[in-house]
Amino acid sequence: MANRLLQILKPGVPKPVLIALGAALWGFAAYRILSLGFIFIERHALHHFLNYLIGVAGFVPFFLLVFRKVSRRYINRIKNLPQRRPCMFAFFDLRGYILMTFMITMGIAISHWKVIPELYKGTFFISLGLSLLASSLFYIIEGVQYVKNERGKKKDNPPGIDR
């Protein structure tokens, strides 16, 4: 009885929507972090172009070594979920939510205590924000591919025909 009630109340969504929600979350985070990076660089840098260039250069290893792996792991986890309509909050697992909470808390603490000079925060935020944006685009590309593959499977195996 209780399990049935939970299933009725669970905000279940199709897997492509779950991938899109993940992309939206990464995209929103990218927007926020990039905005802060631009503000810090514009207010505190002597050579804006150089700071932006360093931020872009830092993005490449940051995305390739960290964010691409994390994004791929979460996308594959979503694709392989056993439920047809998983809960809309399942784009992260428990470990992902704990990690995200830790990162946000550390970001707030470091900003509050002014441990890192604003200039360096700006450059770092450009690298981080671009990595988040690339992860969002990665989610979108993978989501489109997933939908195409699912449609291809349905086309190859029409309902009612057993092979």
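Residues numbered from 1 in each chain as written. Predicted model: local features only at pLDDT ≥ 70, side-chain atom pairs only at ≥ 80, totals over all residues. Heavy atoms only, no water.

The next point concerns the nonpolar core. In terms of nonpolar packing, the biggest core is built from 25 residues, with Leu-18, Trp-26, Phe-67, Ile-78, Leu-128, Leu-132 and Tyr-139 touching the most fellow members. Contributions of two or more residues to this core are made by helix H2 (15–44), helix H3 (48–79) and helix H5 (118–156). Sequence-distant contacts of Ile-78, that is, excluding residues within four places in its chain, are made with Lys-15, Leu-18, Ile-19, Ala-90, Phe-91 and Tyr-139. (Core = buried A, V, L, I, M, F, W, Y, C linked by side-chain atoms within 4.5 Å. Buried < 20%, exposed > 50% of the residue type's maximum accessible area, 1.4 Å probe, protein only. Helix = DSSP H or I, 4+ residues; strand = E, 2+ residues; numbered from the N terminus. Contact = heavy atoms within 4.5 Å.)

As a further point, take the packing of H2 against H3. Where H2 contacts H3, the two axes come as close as 13 Å, and the packing angle between them is 160°. In terms of axis orientation, H2 runs roughly antiparallel to H3. For H2 against H3, the interelement crossing comes out right-handed. Residues Lys-15, Leu-18, Ile-19, Trp-26, Phe-38, Ile-41 and Glu-42 of H2 form the contact with H3, whose participating residues are His-48, Asn-51, Tyr-52, Phe-67, Val-70, Ile-78 and Lys-79. Within the contact of H2 with H3, the residues separate by chemical class into nine nonpolar, two polar and three charged. (Axes fitted to C-alpha atoms, helices over the stretch in contact; angles between N-to-C directions. Parallel < 35°, antiparallel > 145°, perpendicular 65-115°, else oblique. Left-handed = near helix turned anticlockwise from the far one by under 90°. Nonpolar A, V, L, I, M, F, W, Y, C, P; charged D, E, K, R; others polar.)

The subject of this paragraph is the packing of aromatic side chains. Taken as a whole and assessed by the stated rule, the structure comprises 13 aromatic pairs. Chaining the aromatic ring pairs together yields one cluster made of Trp-26, Phe-40, Phe-62, Phe-67, Tyr-74, Phe-91, Phe-92, Tyr-97, Phe-124, Phe-125 and Tyr-139. The ring of Tyr-74 carries Arg-73 above its face, with NZ or CZ at 4.9 Å from the centroid. (Phe/Tyr/Trp six-rings, centres within 6.5 Å; stacked < 30°, edge-to-face > 60°. Lys NZ or Arg CZ within 6 Å of the ring centre and 35° of its normal.)

Here H2 contains 30 residues, and its C-alpha end-to-end distance of 43 Å stays within 8% of the 44 Å for a straight helix at 1.5 Å per residue. All of the buried residues in H2 are Lys-15, Leu-18, Ile-19, Gly-22, Ala-23, Trp-26, Ala-30, Ile-33, Leu-34, Gly-37, Phe-40 and Ile-41. (Expected span 1.5 Å × (residues − 1).)

Remember, this is a structural readout, not a statement about activity or role.
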